[in-house]
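# Secondary and tertiary structure notes
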Amino acid sequence: MNSPTNVSRTFYSAIASALLLFSLLMSTPTNAQLSSTFYDNTCPNALNTIRTSIRQAVSRERRMAASLIRLHFHDCFVQGCDASILLSEAAISTSEQTAAPNAGSARGYEVIDAAKAEVEKICPQIVSCADILAVAARDASFAVGGPSWTVKLGRKDSTTASRDLANSDLPFFRSNVNQLIENFARKGLSARDMVALSGAHTIGQAQCFTFSDRINSNGSDIDAGFASTRMRGCRNANLAPLDLVTPNSFDNNYFKNLIQKKGLLESDQTLFSGGPTDSIVSQYSSNPATFKSDFAAAMVRMGDIIDPVTSQNGVIRRICSALN
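So, here's what we can say about the structure. (Residues numbered from 1 in each chain as written. Predicted model: local features only at pLDDT ≥ 70, side-chain atom pairs only at ≥ 80, totals over all residues. Heavy atoms only, no water.)

Now for helix α4 (residues 109-122). The terminal C-alpha atoms of α4, which comprises 14 residues, lie 21 Å apart, in line with the 20 Å expected from a rise of 1.5 Å per residue. Those residues of α4 that fall on the buried side of the exposure criterion are Y109, V111, I112, A115, K116, V119 and E120. Tucked inside the fold, the buried residues of α4 contact α2 (46-60), α3 (64-76) and α5 (129-143). (Helix = DSSP H or I, 4+ residues; strand = E, 2+ residues; numbered from the N terminus. Expected span 1.5 Å × (residues − 1). Buried < 20%, exposed > 50% of the residue type's maximum accessible area, 1.4 Å probe, protein only. Contact = heavy atoms within 4.5 Å.)

Right, dumping it as structure tokens:
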């Protein structure tokens, strides 16, 4: 029979073990409790490795910066920031890559795969694809003159994807300002966040079919000379820069264009159309520092969008396009 002293020691030892486990659990970030230092001990060279890989990709093709920022955005708006957009149709039948907002336009998958492969060499199955995509968006922005920001880390990768949610939750290029405000509000983002994030259209390109109706409309909300310029060579999948002035530099010309009725997409020009976001566009057009600061803050808030299911059941995928 155990003595009272032994029972007491066993009891307090059990309590101490339980408290230690609780402490570890509380100090380990989940998707709802991200930390910029998440990999400091487990993979201290992860961020430098990702940065090098992204810089190389953007130096090869400057347009890739816009594609990577968009890829992160399209990931976060569907099931939260869980790398679900990276799952190919070969991996999962409900791939988001074939949803209407992504098919034929979302790109940069191979860049994230390459960055993941480099990270796997130094820290196998430690860094999630979702975190790599979040860091890649930040590094891509900075590589073309945009802002940088502190990326919170500790996301998990989803084992599911939803083509249906991609079709319903991602903003539409013909959305009006009120629809856009409502769309972003459902994700916990404000109208100001929405306008700031739309400013990513200061870089990148759009396919002709997304703006052909607008440039042929003879509408009062489009500059005639701009429409005429954009009509030339507009054929379905042909590309045109979203910002005709400085298409490869992250600046505030996008907002100056809107004031001049030179927004390429309907969802661009609607931000300055006599509605509730006109004042924000005006502020950003005259104050590039405010725009960049707000864009960085909005990217951080967007990166906080989570799905409780992924948070609890997520994994670290070895290859971003495939299930483990």
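Anyway, onward from the coordinates.
Moving on, we come to the state of the cysteines. By the definition in use, this model includes four disulfides. Between the sulfur atoms of C76 and its disulfide partner C81 the distance amounts to 2.0 Å. In this structure, the disulfide formed by C76 and C81 twists by about 115 degrees around the S-S bond and is classed as right-handed. Since its relative accessible area comes to 3%, C81 is described here as buried. The residue that forms a disulfide with C208 is C234, at a sulfur-sulfur distance of 1.5 Å. (Disulfide = S-S within 2.5 Å.)

Two side chains of opposite charge can pair, provided their charged atoms sit close to one another. According to the stated counting rule, one finds 14 salt bridges in the structure shown. Notably, a salt bridge pairs D139 with R138, separated by 2.6 Å at the nearest N-O pair. Taken individually, D139 and R138 each receive the classification buried, so the pair is uniform in this respect. Between E266 and R174 there is a salt bridge whose closest N-O contact spans 3.5 Å. Here E266, found in helix α12 (residues 266-269), pairs with R174, found in the loop between α6 (163-169) and α7 (177-185); they are 92 residues apart in sequence, far enough to count as distant. Each of R174, D213 and E266 takes part in salt bridges that share partners, so that together they form one network. (Salt bridge = Lys/Arg side-chain N within 4 Å of Asp/Glu carboxyl O.)

Next up on the list: empty space enclosed by the protein. A complete count under the given rule lists one cavity of 30 Å³ or more for this structure. The volume enclosed by the largest cavity comes to roughly 80 Å³. Lining the largest cavity, in full, are H72, A134, W149, T150, V151, K152, R155, M299, V300, G303 and D304. The class makeup of the residues in the lining of the largest cavity is five nonpolar, three polar and three charged. (1 Å grid on protein atoms, 1.4 Å probe; cavity = no way out; pocket = protein on both sides within 12 Å on 5 of 7 lines; lining within 4 Å. Points joined across faces, edges and corners; volume = space filled by probe spheres on them. Nonpolar A, V, L, I, M, F, W, Y, C, P; charged D, E, K, R; others polar.)

Unlike most non-glycine residues, Q79 shows phi in positive territory, near 65 degrees. Among the secondary structure elements, Q79 is positioned in the loop between α3 and α4. The phi angle at K261 is positive, at roughly 60 degrees, despite the residue not being glycine. If you trace the backbone, K261 turns up in the loop between α11 (253-259) and α12. Residue class for K261 comes out partly exposed when judged on its relative accessible area of 38%.

So, on to the packing of α2 against α4. Two elements in contact, α2 and α4, have axes separated by 9 Å at closest approach and are oriented at 145 degrees. As α2 runs across α4, the sense of the crossing is right-handed. Where α2 approaches α4, its residues A46, T49, I50, S53, I54 and A57 are matched on the opposing element by V111, A114, A115, E118, V119 and I122. Here the contact of α2 with α4 is built from residues that sort into nine nonpolar, two polar and one charged. (Axes fitted to C-alpha atoms, helices over the stretch in contact; angles between N-to-C directions. Left-handed = near helix turned anticlockwise from the far one by under 90°.)

Further remarks concern the side chain of S141. With respect to the element layout, S141 can be found in helix α5. If we skip the residues at most four places from it in the chain, S141 touches I69, G146, P147, W149, F250 and F295.

This part takes up the packing of helix α8 (residues 191-198) against helix α14 (residues 288-303). At their nearest, the axes of α8 and α14 sit 8 Å apart, and the two run at 110 degrees to each other. The orientation of α8 with respect to α14, classified from their angle, is roughly perpendicular. Two secondary-structure elements touch here, α8 through R192, D193, A196 and L197 and α14 through T290, F291, D294, F295, A298, M299, R301 and M302. Within the contact of α8 with α14, the residues separate by chemical class into seven nonpolar, one polar and four charged. (Parallel < 35°, antiparallel > 145°, perpendicular 65-115°, else oblique.)

Once that is clear, we can look at the nonpolar core. Of all hydrophobic cores here, the largest spans 71 residues; its most connected members are L86, I112, L271, F295 and M302. No other element matches α5, which puts nine residues into this core. Not counting residues up to four positions away in its chain, the partners in contact with I112 are L68, L71, L86, I132, L133, A136 and C320. Ranked by size, the runner-up nonpolar core spans 13 residues in total, among them A206, F211, I222 and L242. (Core = buried A, V, L, I, M, F, W, Y, C linked by side-chain atoms within 4.5 Å.)

Once that is clear, we can look at the environment of D278. Note that D278 resides in helix α13 (residues 278-286). A relative accessible area of 17% means that D278 is categorised as buried. In this structure the C-alpha to C-alpha distance between D278 and L258, which are 20 residues apart in sequence, comes to 9.5 Å. Contacts of D278, omitting those with residues within four sequence positions, involve L271, F272 and S273.

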